[in-house]
Amino acid sequence: MATVAFHTLGCKLNFSETSTMSKKMQSVGYEKVEFDEVSDVYVINTCSVTEEANKKCRQMIKRCIRLNPNAYIVVCGCYAQLEAQQVADIEGVDLVLGSNEKTDILDHIDPTLTKASSPVIHVGAILKDKRFKPGFSSGDRTRTFLKVQDGCDYFCTYCTIPLARGASRSGTLEETLMEARRAAHLGAKEIILTGVNIGDFGRRNGESFLQLVQGLEDIEGVERYRISSIEPNLLTEEVLQHVARSRKFMPHFHIPLQSGCDEVLKLMHRRYDTAFFRSKVARVMELIPDAFIGIDVIVGTNGETAEYFQNTVDFLEEIPYAFLHVFTYSERPNTMALKITPVVENGERHRRNEVLQRLSQRKHEAFLRRFIGKEMNVLLESGNHDGRMYGFTENYIKVAVPYDETKDNTIVRVLLDESNIVDLAK
């Protein structure tokens, strides 16, 4: 029996697709092992949002070779889609699969696992490929990532995702609900809706994201749903009101901002301005006062002057949120941002990142302290971590409690204090 190990870089959508590949390979007899073990096959599911992501992929390939010089190495996903030949030229790679080809891994992998003298490449024309391949993660954690959408039609100037993932597409409402039922049957207590632009769900089928969240509400067995990253212009009033009164949708939103400066938002070709974003956050807090709001921000983009960056800092000081996901801009081939000036020096990009990281830490601590002394529901995950186990409240506060195997994948009431809120504990 051949062994296979997987490593996932990047977003929750990639984790969902890695799980799909894993299930397919195990169904025909492969034995799954951990990535740091010696394995016959290594599969690296890549991201290409930044140059750092590409670098991590190359590091993972070298690690595989150190573990087993004769291993059959598969590299798939966004980096493979965008730079197939560059990936194929990395020593040790045997098979390169694009974004849509990776979930058909069994159709492409050499069953004899013979090291290729010349790597085999299967990368399709993703912009012309309208297929949607559903899937969900299972067996790895309490929380399940359900793929509800793929691709993006926005073409923001800094982003290669449309080139790596193709046009926005999704399954039908009924197909997606069926996948959620399958996940529930396998024991999923919490499902995170994932995709590239999930608010775009159903648009090509004459359906909507609102219909999806309404339909998911009635699936038996699932205790919680979370909405992963959703564009502010697609987080509609109807969706917000549904979450506010829902029994199952958690008070947790991840909303990309990217810049708190209107001039930079225009350069990025974003579809809103800061006034709209401010009003959207205010509406979330009005309807769901305890909501966790995470915000994506990119610093150091071409065209972001010192004044424009300060506008972002000032804007983020003023609005309520729980956490910032701060990304340092990285030039991506074939993007319109490469034509924009001025270019921010790398050192200044990292300085700006540090400024926002400090702001995020301060805002996050203030958010957490609001809930000290409150009793909240925590969904506990499996795993003994030095006598403790971890879980999350409805509004995504990570909590540690004494390990008890009988509480795996169950919801318990926990009185929050500085000792059990993970990001406050000393």
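For the structure itself, look to the data block above.
This report concerns the structure included in the present document. (Residues numbered from 1 in each chain as written. Predicted model: local features only at pLDDT ≥ 70, side-chain atom pairs only at ≥ 80, totals over all residues. Heavy atoms only, no water.)

**Topic: the overall build of the protein chain**
And then number 1: On a plain count of helices and strands, the protein chain comes out with 13 helices and 17 strands.
And then number 2: In summary, the protein chain has a C-alpha radius of gyration of 22 Å against a globular reference of 22 Å for 426 residues, a match within 12%.
And then number 3: Taken over 426 residues, the protein chain has a buried fraction of 54%.
And then number 4: Long-range pairs, those at least 24 residues apart, make up 72% of the contacts in the protein chain between residues at least 6 apart in sequence.
And then number 5: As displayed, the protein chain offers around 18,600 Å² of accessible surface, 50% of which is attributable to carbon and sulfur atoms.
And then number 6: Between the averaged position of the 53 positive side-chain charges in the protein chain and that of its 59 negative side-chain charges there is a distance of 2 Å. (Helix = DSSP H or I, 4+ residues; strand = E, 2+ residues; numbered from the N terminus. Rg over C-alpha atoms; globule rule 2.2 N^0.38 Å. Buried < 20%, exposed > 50% of the residue type's maximum accessible area, 1.4 Å probe, protein only. Contact = heavy atoms within 4.5 Å. Areas by Shrake-Rupley, 256 points an atom, 1.4 Å probe, with all protein chains shown as cover. Lys, Arg positive; Asp, Glu negative; His and termini not counted. Charge placed at Lys NZ, Arg CZ, Asp CG, Glu CD.)

**Structural notes on the pairing of strand β5 (residues 93-97)**
And then number 1: Most of β5 is tucked away, with 5 of its 5 residues classed as buried.
And then number 2: Of the pairings in the sheet, the one linking strand β4 (residues 72-77) to β5 comprises 4 bridges and is parallel in character. Bridged to Val75 within β5 is Val96.
And then number 3: Two elements, β5 and strand β6 (residues 120-122), share 3 bridges in a ladder whose sense is parallel. Counterpart to Leu97 in the pairing with β6 is His122. (Pairing = 2+ DSSP bridges.)

**Quick notes on the sheet that holds strand β14 (residues 375-380)**
Hydrogen bonds between backbone groups are what pair the strands of a sheet, and the pairing can be parallel or antiparallel.
And then number 1: Taken in spatial order, the 4 strands line up as β16-β15-β14-β17 in an open sheet, and their pairing is antiparallel. The open sheet has two edge strands with one neighbour each: β16 (398-402) and β17 (411-415). Between one strand axis and the next, the sheet turns by 45° as a mean value, whatever way the strands run.
And then number 2: Note that β14 and strand β15 (residues 388-393) share 3 bridges and pair antiparallel. If you follow Leu380 over to β15, its bridge partner there is Gly391. (Axes fitted to C-alpha atoms, helices over the stretch in contact; angles between N-to-C directions.)

**Things to note about the packing of helix α8 (residues 209-216) against helix α9 (residues 237-245)**
Between two packed helices, what matters for the description is the angle formed by their axes and the separation of those axes.
And then number 1: Running from N to C, α8 and α9 cross one another at 15°; their axes reach a closest spacing of 9 Å. Comparing the axis directions of α8 and α9 gives the class roughly parallel. Crossing handedness for the pair α8 and α9: left-handed. Together, Phe209, Leu210, Val213 and Gln214 of α8 and Glu238, Val239 and His242 of α9 make up the contact between the two elements.
And then number 2: Split by residue class, the contact of α8 with α9 holds 4 nonpolar, 2 polar and 1 charged. (Parallel < 35°, antiparallel > 145°, perpendicular 65-115°, else oblique. Left-handed = near helix turned anticlockwise from the far one by under 90°. Nonpolar A, V, L, I, M, F, W, Y, C, P; charged D, E, K, R; others polar.)

**Concerning the sheet that holds strand β13 (residues 323-328)**
And then number 1: If you walk across this open sheet you meet the 3 strands as β11-β12-β13, and the pairing is parallel. A strand with exactly one partner marks an edge of an open sheet, and here the two such strands are β11 (252-258) and β13. In this sheet, neighbouring strand axes are inclined to one another by 20° on average, regardless of whether the strands run parallel or antiparallel.
And then number 2: As paired elements, β11 and strand β12 (residues 292-299) share 6 bridges and run parallel to each other. Bridged to Ile255 within β12 is Ile295.

**Describing the side chain of Asn353**
And then number 1: Locating Asn353 in the fold gives a position in helix α13 (residues 346-369).
And then number 2: In this structure Asn353 touches Val299, Val326, Phe327 and Thr328, once residues within four positions along its chain are discounted.

**Some remarks on the nonpolar core**
And then number 1: Counting residues in hydrophobic clusters, the biggest one holds 65 residues, and the most contacted among them are Leu193, Phe209, Phe253, Leu316 and Leu356.
And then number 2: With 23 residues, the next largest nonpolar core counts Phe35, Tyr42, Val87 and Val96 among its residues. (Core = buried A, V, L, I, M, F, W, Y, C linked by side-chain atoms within 4.5 Å.)

**Here's the deal with the packing of aromatic side chains**
And then number 1: Inspection of every chain in the model, using the stated rule, returns 9 aromatic pairs.
And then number 2: With a centroid separation of 6.2 Å and an interplanar angle of 40°, the aromatic rings of Tyr272 and Phe277 are classed as tilted.
And then number 3: By relative accessible area, which is 9% here, Tyr272 ends up buried.
And then number 4: Exposure remark for Phe277: the relative accessible area of 0% places this residue in the buried category.
And then number 5: Taken together, a centroid distance of 4.5 Å and an interplanar angle of 10° make the contact between Phe392 and Tyr396 stacked.
And then number 6: The class of Phe392 is buried, set by a relative accessible area of 10%.
And then number 7: Exposure remark for Tyr396: the relative accessible area of 23% places this residue in the partly exposed category.
And then number 8: Clustering of aromatic rings is evident, with ring pairs tying together Phe292, Phe367, Phe371, Phe392 and Tyr396.
And then number 9: Here the basic side chain of Arg271 rests over the ring of Tyr154, its NZ or CZ set 3.7 Å away from the ring centre.
And then number 10: Stacked on the ring of Tyr390, the Lys or Arg Lys398 has its end atom at 4.8 Å from the ring centre. (Phe/Tyr/Trp six-rings, centres within 6.5 Å; stacked < 30°, edge-to-face > 60°. Lys NZ or Arg CZ within 6 Å of the ring centre and 35° of its normal.)

By themselves, these are just geometric observations and shouldn't be taken as functional.
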